[in-house]
Amino acid sequence: MKDGSNRCQNILVIHGPNLNLLGIREPSIYGTVTLEEINRNLAKLAEKEGIGLDCFQSNTEGELIDRIQQAGAEKTDFIIINPAAYTHTSIALRDALAATRIPFIEIHLSNIFARESFRQKSFFSDMAVGVISGLGAKGYELAFNYVLGRK
């Protein structure tokens, strides 16, 4: 919110492990939309609104942590994150989000609460501004539009 208004100017979208396989990985669970399509749709929304957007995907926990820490140094206004499998396992990723104090929305393509019991626990939800689960790729756009209207 560098322009002095309450409007977010810089949004970081983080995609966790295996999301690079969207479109081919278990399409009955995760849909047929690719990661490239999700990022392209978000980029169009950001361009239309004059918002800075960076999308980052990694299969490596340390790289995701490094990117979150970098976002803190860059004064990123908001993070939209799909931690994927790290949702249920990564205290280190949680600690990175807590350390930067950047508000974030947690996204899940599938409804994690309708899946296996080990997928129903999130290390992030209690810190998130909100959680979007089970709405497929549309969840990213909903999160983005929420951030735009956030005061």
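Residues numbered from 1 in each chain as written. Predicted model: local features only at pLDDT ≥ 70, side-chain atom pairs only at ≥ 80, totals over all residues. Heavy atoms only, no water.

Identification of the chain as 3-dehydroquinate dehydratase from Nitrosospira multiformis is taken from an unreviewed UniProt entry. Comment text from UniProt for the chain, heading Pathway (unreviewed entry), reads "Metabolic intermediate biosynthesis; chorismate biosynthesis; chorismate from D-erythrose 4-phosphate and phosphoenolpyruvate: step 3/7." Per its UniProt entry, the chain bears the Function (unreviewed entry) comment "Catalyzes a trans-dehydration via an enolate intermediate." (UniProt positions renumbered as here; feature names shortened; annotations may be inferred.)

Engineer: Sorry if this is basic, but what is going on with the UniProt feature "binding site: substrate" (unreviewed entry) in the chain here?
Structural biologist: Under the UniProt annotation, the feature "binding site: substrate" (unreviewed entry) is placed at Asn-82, His-88, Asp-95, Leu-109, Ser-110 and Arg-119. Residue placement: His-88 occurs in the loop between strand S3 (78–82) and helix H4 (91–100). A relative accessible area of 15% places His-88 in the buried class. Residue Ser-110 is classed as buried on the basis of its relative accessible area of 8%. Setting aside residues no more than four positions away along its own chain, Ser-110 makes contact with Ile-29, Tyr-30, Arg-115, Ser-133 and Gly-134. (Helix = DSSP H or I, 4+ residues; strand = E, 2+ residues; numbered from the N terminus. Buried < 20%, exposed > 50% of the residue type's maximum accessible area, 1.4 Å probe, protein only. Contact = heavy atoms within 4.5 Å.)

Engineer: Can you help me understand the UniProt feature "active site" (unreviewed entry) in the chain in this one?
Structural biologist: UniProt tags Tyr-30 and His-108 as "active site" (unreviewed entry). A maximum C-alpha distance of 9.1 Å among these annotated residues, which run over 79 residues, shows that they cluster at one spot. On the secondary structure map, Tyr-30 appears in helix H1 (residues 27–30). Of note is the side chain of Tyr-30, whose polar atom sits 3.5 Å from the side chain of Arg-25. Topologically, His-108 is positioned in strand S4 (residues 104–108). Assessed through its relative accessible area of 4%, His-108 is described here as buried. Each residue touching His-108, except ones within four places of it in the same chain, is listed here: Asn-82, Pro-83, Thr-87, Val-131, Ile-132, Ser-133, Gly-134 and Leu-135. (Polar contact = N/O pair within 3.5 Å; in protein donor to acceptor, adjacent residues only side chain to side chain.)

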